[in-house]
Amino acid sequence: MATINNNYLKLKAGYLFPEIARRVNAFAQANPDAPIIRLGIGDVTEPLPVACRTAMTNAIEDMGDRSKFKGYGPEQGYAWLREAIAKHDFQARGCTIDADEIFISDGSKCDCGNILDIFGHDNTIAVTDPVYPVYVDTNVMAGNTGDANDKGEYGGLVYLPITAENDFTAQIPSQKVDLIYLCFPNNPTGATATKAHLQAWVDYAKANGSIIFFDAAYEAFITDPSLPHSIYEIDGARDCAIEFRSFSKNAGFTGTRCALTVVPKTLTAKAADGSDVELWKLWNRRQSTKFNGVSYIVQRGAEAVYSPEGTAQVKELISFYMENAQIIRKELTAAGLQVFGGINAPYVWVKTPNGLSSWEFFDKLLTNCFVVGTPGSGFGAAGEGYFRISAFNSRANVETAMQRIADKFKIQ
Ligand SMILES: *Cc1c(COP(=O)(O)O)cnc(C)c1O
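Residues numbered from 1 in each chain as written. Predicted model: local features only at pLDDT ≥ 70, side-chain atom pairs only at ≥ 80, totals over all residues. Heavy atoms only, no water.

## A short note on the UniProt feature "binding site: substrate" (unreviewed entry) in the chain
The following threshold applies: UniProt positions are given in the numbering used here, feature names are shortened, and annotations may be inferred rather than shown by experiment. In this text, helices come from DSSP runs of H or I with a minimum length of four residues, and strands from runs of E with a minimum of two, each type numbered from the N-terminal end.
Within this numbering scheme, the UniProt entry marks Y15, G42, K109, Y132, N187, N292 and R388 as carrying the feature "binding site: substrate" (unreviewed entry). Spanning 374 residues, the annotated positions stay apart in the fold, the maximum distance between their C-alpha atoms being 36.1 Å. Its location among the elements puts G42 in the loop between strand 1 (37-38) and helix 2 (50-63). Mapped onto the elements, Y132 comes out in the loop between strand 3 (125-129) and helix 5 (133-141).

## Focus on the site of the ligand
Inclusion rule: The rule for a residue being near a molecule or strand is that one of its heavy atoms must lie within 4 Å of it. Distance and chemistry together define a polar contact, namely a pair of N or O atoms within 3.5 Å, with one atom able to donate a hydrogen and the other to accept it when in protein, and with adjacent residues in sequence counting only for side-chain atoms on both sides. For every accessible area listed, the method is Shrake-Rupley and the probe measures 1.4 Å; residues are considered covered only by the protein chains on display. Gly counts as polar in this scheme, as do all residues outside two lists: the nonpolar Ala, Val, Leu, Ile, Met, Phe, Trp, Tyr, Cys and Pro, and the charged Asp, Glu, Lys and Arg.
D215, Y218, S246, S248 and K249 are the nearest of the 14 residues found near the ligand. Between an oxygen atom of the ligand and a main-chain N or O atom of K109, the distance comes to 3.0 Å. Contact distances for the ligand include 2.8 Å between an oxygen atom and a side-chain N or O atom of N187. Considered on its own, the ligand offers 390 Å² of accessible surface; in the complex 93% of this is hidden by protein. Here the shell around the ligand is composed, by residue class, of 5 nonpolar, 5 polar and 4 charged.

## Examining the state of the cysteines
We count it as follows: Put simply, a disulfide is two cysteine sulfurs that come within 2.5 Å.
Tallying each qualifying case throughout the model produces 0 disulfides. Here C240 is not cross-linked by a disulfide; its sulfur's nearest cysteine counterpart is in C95, at 13 Å.

## Some thoughts on the pattern of salt bridges
Rule in force here: Only one rule defines a salt bridge in this text: a Lys or Arg side-chain nitrogen within 4 Å of an Asp or Glu carboxyl oxygen.
Summed over all chains, the structure comprises 19 salt bridges. Of the charged contacts, one joins D178 and K176 as a salt bridge, the two residues approaching to 3.5 Å between their closest N and O atoms. Close ionic contact of R300 with E303 constitutes a salt bridge, the shortest N to O distance being 2.9 Å. Placement of both R300 and E303 in helix 8 (residues 296-303) is noted, with a separation of 3 residues, approximately one turn of the helix. When salt bridges that share partners are traced, they join E19, R22, R23 and D363 into one network.

Laid out in structure tokens, this is it:
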């Protein structure tokens, strides 16, 4: 008889987004004329930059030309893309990262989960709370946790709260942890990490032989020039950090799929016999065995992000979303709500008013304003009492939604 991976049975059955959909559908059925605006989902809305589209169109033509046709590409990605990334995203910011330390993939979400393939099951793992659920669920699936409690916290994981009380910084734990997930600018809170904060984490990781998984999916949204875009801007990070990046949010590739993972050749972790093993070798082996690369066409599209036109167009896209974020911050503040984030990230993290729970505020916004957001409690116990509003939307939707919220909350 075939058996299953029982760890899957520990998963809290994808509660957040299905529950949002259930409540929105029920409301829409009862109120078929209500013009609902969705500011809940972390997906982009604006079209791909023209530079990327032109590059992909040309790449399709290459595929129709026998002399330029491409079959399987390198599992690690084409050298021209890895070199463009190394130069523009890392070396230009003073980071010592070589092209062959960059692995192209079809998504950061996938890589955040896949990376666990090369780590043991005996590691102590720390995540922030609230957190991008992928980090937690992939550890549950890999058997790295115990069962969940009533609050949805899994046994064996170390939760690091990030809330207004600690200024949305992930505090260094007093205990020793081996793997640490950090995401800055943060999804869902929109919080950022300063160089000093990341330096403290790097120093901790080096002192404890820990590895930091640094998710920089939102680095392009940083507007404050003093903030680091990459963990490798921090001294010592080459010895303790893996960085995940994606073209999803900066260039609108959520449906096109291209991302990258940086594994420095200087990174090591312990084998069972106590010896130090290079993580680059393991990840390279893992990718060569289980992955066959990203489509040539898509990689050409990603490469165009670094052309002068592509750079300018991506900048314009980011500015558009960040203007949305400014409008959201301004209007919600004027309506008397306390807001965080939205300055260096496309998410505004709202404190629910009058002690409402995250779901109570969700229902209030839906029924009174026809606006859908994301309850903070869905990202972790410490997200209770908060609410995420996404800046990924059309200007008209953002303005209309904010007008409705302003009207509703000012009357109170
Ligand atoms: C959107 C997002 C990503 C990007 O995932 P892809 O699979 O590359 O689309 C990664 N991390 C976080 C926290 C995100 O919100």
